[in-house]
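# Structural description and commentary
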Amino acid sequence: MNETLYPALILDALKNVKYPGNGKDLIENDMVEDDIRIDGRKVSFSLIFDKPTNPFVKSVVRAAETAILKYVAPDVEIKDNIAVKFRTALPTPPEKLLPHVKNIIGVSSGKGGVGKSTVAANLAVALASKGYKVGLLDADIFGPSMPKMFGVEDEQLYMVNQEGRDWIEPVQKYGIKMLSIGFVVDKDSPVLWRGGMASNALKQLIADAWWGDLDYFVIDMPPGTSDIHLTLVQTLALTGIIVVSTPQEVALADARKGIAMFKDEKINVPILGLVENMAWFTPASHPDEKYYIFGNGGAARLAEQLDVPLLAQIPLVAGICENGDGGTPVALHIEPQTSAIPANPEAAAFEDLAEKVVKAIDERNATLPPTQKVEMKN
């Protein structure tokens, strides 16, 4: 006949289990919770450890199971019936930055002068024109251009109270929420900051601003590869990167380096695609003609070599520069296409780019896991 089980038998058995940390038994260490339950031959109780990182949890639980079977009875149902509790709870994970932002798009280039900021600005405008909620961050700390391109150079930044704290309120123009270091520095003076100061300023524009709900958050990155790029991938989980280049071989060589940086296993941010800017020149009086001033199809060949999509080929048209300088990005002038040749080919090119970016992001999200912030060790 099986011996009747009662709590004192269990406690006596557990006195034979020594905790490896100090050599005392579980009772002396006050590690047995006062919750012993006995149901027929089934016994359950909890063991208490100081913290979740305790290295002896599994071995102590196994030793407690063995002691019950040895010192109480071999038929006691104890396997997997010992719960584990901790006196110190797991640390609360930090709040996710931009929790209401669905997709974060970095717009990058291997070198300056290829029209990266123009592409970022017009992409944001084209996305907003399609009804999406769009944010735009000018992360080109040393050469901010978005305030001029949107005609808001003289705007002042204000604070807004949301969820019990004060935040920087982004400037809104053309349905886009926007921030730039250009709003807080003298537009006629250079930004003479060391890398750490620039990175901290960028983090503040991201973390201390009230971006709210966004479908797409477009980040105009600085050209090249720098501390700012590392700051961004360590601060935010970017959905993907768009790389901008011109057809020139020197620009394509730098674009290749930029793509390699984001594909590096330590960074591993998906490349959404390549944009060839200034792909050809089309005279306003002859919209069906193309003159390849900087070369023909270089970015298309690079995209094929690197197995990344070619998202768009943007023509070289004076109106793009003129509209940017005038604070009215050309994508604002998208018109219904009524013939084979659009009335405004440059605006149509950015509309097509926005459509392909939406498609590329949908495909990326359907086939790849969410991007994680980069954790880089020195």
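In short, a report on the structure. Residue numbers here run from 1 along each chain, matching the order of that chain's written sequence. Reporting of local features is limited, given that this is a predicted model, to residues whose pLDDT is at least 70; pairs of side-chain atoms are given and counted only at 80 or more, and all residues count toward the totals for whole chains, interfaces and linings. Working from all heavy atoms in the structure, the side-chain values ignore hydrogens and water.

Moving on to the layout of surface pockets. Definitions used throughout: a 1 Å grid over protein atoms alone; a cavity as a set of points that fits a 1.4 Å probe which cannot get out; a pocket as an open set with protein on both sides within 12 Å along at least five of seven lines; a lining residue as one with an atom within 4 Å of a point. Grid points are joined across faces, edges and corners, and a volume is the space filled by probe spheres set on the points. Volume-wise, the largest pocket comes out at about 400 Å³. Around the largest pocket, the lining comprises 19 residues; the ones closest to its centre are Lys 96, Ala 237, Pro 370, Thr 371 and Gln 372. Among the elements that line the lining of the largest pocket, the one with the most residues is strand β4 (residues 101-109), at 4 residues. Here the lining of the largest pocket is composed, by residue class, of 9 nonpolar, 6 polar and 4 charged. The helix count covers DSSP runs of H or I at least four residues long, the strand count covers runs of E at least two residues long, and both are numbered beginning at the N terminus. Any residue that is not Ala, Val, Leu, Ile, Met, Phe, Trp, Tyr, Cys, Pro, Asp, Glu, Lys or Arg is counted as polar, Gly included; the first ten are nonpolar and the last four charged.

Before going further, it helps to examine helix α8 (residues 298-306). With a 1.4 Å probe rolled over the protein chains alone, any residue whose accessible area is under 20% of its type maximum counts as buried; one over 50% counts as exposed, and the rest are partly exposed. Those residues of α8 not exposed but buried are Gly 298, Ala 299, Leu 302 and Ala 303. When α8 is viewed along its axis, its buried side chains cluster within an angular range of 135 degrees and face the same direction. Opposite the buried face of α8, by more than 90 degrees, sit the exposed residues Glu 304 and Gln 305. Positive backbone phi, at 60 degrees, marks Asp 307, one or two positions downstream of α8. Here the arc refers to the set of directions running from the helix axis out to each C-beta atom.

Glancing now at the sheet that holds strand β9 (residues 176-180). Ordered in space as β8-β9-β5-β10-β4-β11-β12-β13, the 8 strands form an open sheet in which the pairing is mixed. Every interior strand has two partners, whereas the edge strands, β8 (171-173) and β13 (310-313), have only one. Averaged over all neighbouring strand pairs, the angle between strand axes comes to 25 degrees, with direction disregarded. Strands β4, β10 (214-223), β11 (240-245) and β12 (271-276) of the sheet are contacted by helix α7 (residues 249-263), whose axis makes an angle of about 170 degrees with β11. We call two strands paired when DSSP finds no fewer than two bridges between them. Interaxial angle, 0 to 180 degrees, is taken between N-to-C directions of lines fitted to C-alpha atoms, where a helix line uses only the stretch in contact. Should any heavy atoms of two residues lie within 4.5 Å, those residues are considered in contact.

Looking now at the nonpolar core. For this analysis, a nonpolar core means a set of buried residues of the types Ala, Val, Leu, Ile, Met, Phe, Trp, Tyr and Cys, connected via side-chain atoms within 4.5 Å. In this structure, Phe 150 and Phe 217 are the most contacted members of the largest nonpolar core, which totals 84 residues. Excluding residues within four positions of it along the chain, Phe 217 makes contact with Leu 98, Val 101, Asn 103, Ile 104, Ile 105, Gly 135, Leu 136, Leu 137, Trp 211 and Leu 236. If you look at the next biggest cluster of nonpolar residues, it comprises 26 residues, including Leu 5, Ile 10, Val 61 and Ile 82.

Another aspect to go through is the packing of helix α3 (residues 116-129) against helix α10 (residues 345-367). The axes of two packed helices give the description: the angle between them and the distance between them. Direction vectors running N to C along α3 and α10 enclose 75 degrees, while the axes themselves pass 9 Å from each other. What the angle tells us is that α3 and α10 run roughly perpendicular. The segment α3 lies against α10, with Thr 118, Val 119, Asn 122, Leu 123, Ala 126 and Leu 127 engaging Phe 350, Glu 351, Leu 353, Ala 354, Val 357 and Val 358. Among the residues making up the contact of α3 with α10, the classes are represented as 9 nonpolar, 2 polar and 1 charged. Here roughly perpendicular refers to angles of 65 to 115 degrees, roughly parallel to angles under 35, roughly antiparallel to angles over 145, and oblique to all remaining angles.

One fewer than the residue count of a helix, multiplied by 1.5 Å, yields its expected span. A rise of 1.5 Å per residue sets the reference length of α10, with its 23 residues, at 33 Å; its end C-alpha atoms lie 33 Å apart and thus fit the reference within 8%. For α10, the set of buried residues is Glu 346, Ala 347, Ala 348, Ala 349, Phe 350, Leu 353, Ala 354, Val 357, Val 358, Ala 360, Ile 361 and Arg 364.

Moving on, we get to unusual backbone geometry. Its identity is not glycine, yet Asp 30 carries a phi of approximately 55 degrees, on the positive side. Looking at the element boundaries, Asp 30 is found in the loop between α1 (7-14) and β1 (37-39). Its identity is not glycine, yet Asp 80 carries a phi of approximately 65 degrees, on the positive side. Using a relative accessible area of 65% as the deciding quantity, one classes Asp 80 as exposed.

Taking burial as the measure, the 6 residues of β12 include 6 buried ones, the bulk of the element. Note: β11 against β12, 5 bridges, orientation parallel. Across the sheet, Val 243 pairs through a bridge with Leu 274, a residue of β12. When the strands point away from the viewer and the connection leading from the first strand across the helix to the second strand turns clockwise, the crossover is called right-handed. Crossover connection from β11 via α7 to parallel β12: handedness right-handed. One ladder, built from 3 bridges, connects β12 with β13; its direction is parallel. Considered in β13, the bridge of Val 275 is made with Ala 312.

The subject of this paragraph is the pairing of strand β5 (residues 134-138). Of all the 5 residues making up β5, 5 are buried; the element is thus mostly covered by neighbouring parts of the structure. Judged by which residues are buried, β5 turns out to be covered on both faces: Val 134, Leu 136 and Asp 138 on one side and Gly 135 and Leu 137 on the other are all buried. Bridging between β5 and β10 involves 5 bridges; their strand directions are parallel. From the neighbouring strand, Val 134 faces β10, where its bridge partner is Tyr 216.

Turning our eyes to something else, we now look at the pattern of salt bridges. Pairing of side chains with opposite charge becomes possible as their charged atoms draw close. For this analysis, a salt bridge means a side-chain nitrogen from Lys or Arg found within 4 Å of a carboxyl oxygen belonging to Asp or Glu. Summed over the entire model, instances satisfying the criterion amount to 13 salt bridges. Asp 12 serves as the salt-bridge partner of Lys 15, at 3.6 Å between the closest nitrogen and oxygen. We classify Lys 15 as partly exposed; its relative accessible area is 42%. By relative accessible area, Asp 12 is classed as partly exposed at 42%. A salt bridge links Lys 102 to Asp 215, with the nearest nitrogen and oxygen atoms 3.2 Å apart. Taken together, the residues span a long stretch of sequence, with Lys 102 in strand β4 and Asp 215 in strand β10 at a distance of 113 residues. Here the residues in one salt-bridge network are Lys 116, Asp 140 and Asp 220, joined through shared partners.

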